[in-house]
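One letter stands for each residue in the lines below.
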Amino acid sequence: MTPKYFLLIAGDNYYPEGSTGDWIGCFQTYEEAVSKVSIVEHKRTITSGKLKGQEEILRKSYQIDGSNYDWWDVEDLEVWIKNGSDE
């Protein structure tokens, strides 16, 4: 069995939760972990001025396995193990 060293984490708040609350899952490659994340653009249509009718992106969020998140990251656990958890 190939080790899964790439941990996908995501959260709804600016600050991560304690313990394992933000863990989504471990993957064999960085690319596999990132492929789980979809960007969701929150837009509005401009209603006045010279840009009237155009869409403006207000913010972005992220969707992973049907759940919405404000942020995400992938940690390389092999590097984390070698360098310690404080870096």
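The paragraphs below set out a description of the structure included in this document. (Residues numbered from 1 in each chain as written. Predicted model: local features only at pLDDT ≥ 70, side-chain atom pairs only at ≥ 80, totals over all residues. Heavy atoms only, no water.)

It is worth spelling out the pattern of salt bridges at this point. Under the criterion given, the structure shown has 4 salt bridges. For the salt bridge of K43 with E55, the shortest nitrogen-to-oxygen distance reads 3.4 Å. With a gap of 12 residues between them, K43 in strand β3 (residues 37-45) and E55 in strand β4 (residues 55-64) connect regions that are remote in the sequence. In this structure, the salt-bridge partner of R44 is E56, at a minimum N-O distance of 2.7 Å. Of this pair, R44 sits in strand β3 while E56 sits in strand β4, placing them 12 residues apart in sequence. E56 sits in the partly exposed class, given a relative accessible area of 30%. Here the residues in one salt-bridge network are E41, K43 and E55, joined through shared partners. (Salt bridge = Lys/Arg side-chain N within 4 Å of Asp/Glu carboxyl O. Helix = DSSP H or I, 4+ residues; strand = E, 2+ residues; numbered from the N terminus. Buried < 20%, exposed > 50% of the residue type's maximum accessible area, 1.4 Å probe, protein only.)

Let us now look at a nonpolar patch on the surface. Side chains of Y5, W80 and I81 sit close together on the surface and give an oily, nonpolar patch of about 310 Å² of accessible area. On the secondary structure map, I81 appears in helix α2 (residues 77-83). Overall, the relative accessible area of 58% leaves I81 in the exposed class. (Patch = residues over 30% accessible without salt bridge, like charges linked within 9 Å, V, L, I, M, F, W, Y side chains within 5 Å. Areas by Shrake-Rupley, 256 points an atom, 1.4 Å probe, with all protein chains shown as cover.)

In this section: the packing of aromatic side chains. The full count for this structure, using the stated rule, is 1 aromatic pair. Aromatic side chains Y62 and W72 sit 6.4 Å apart centroid to centroid with 75° between the ring planes, which places their arrangement in the edge-to-face category. One end of the pair, Y62, is in strand β4; the other, W72, is in strand β6 (residues 71-76), and 10 residues separate them in sequence. The class of W72 is partly exposed, set by a relative accessible area of 26%. (Phe/Tyr/Trp six-rings, centres within 6.5 Å; stacked < 30°, edge-to-face > 60°.)

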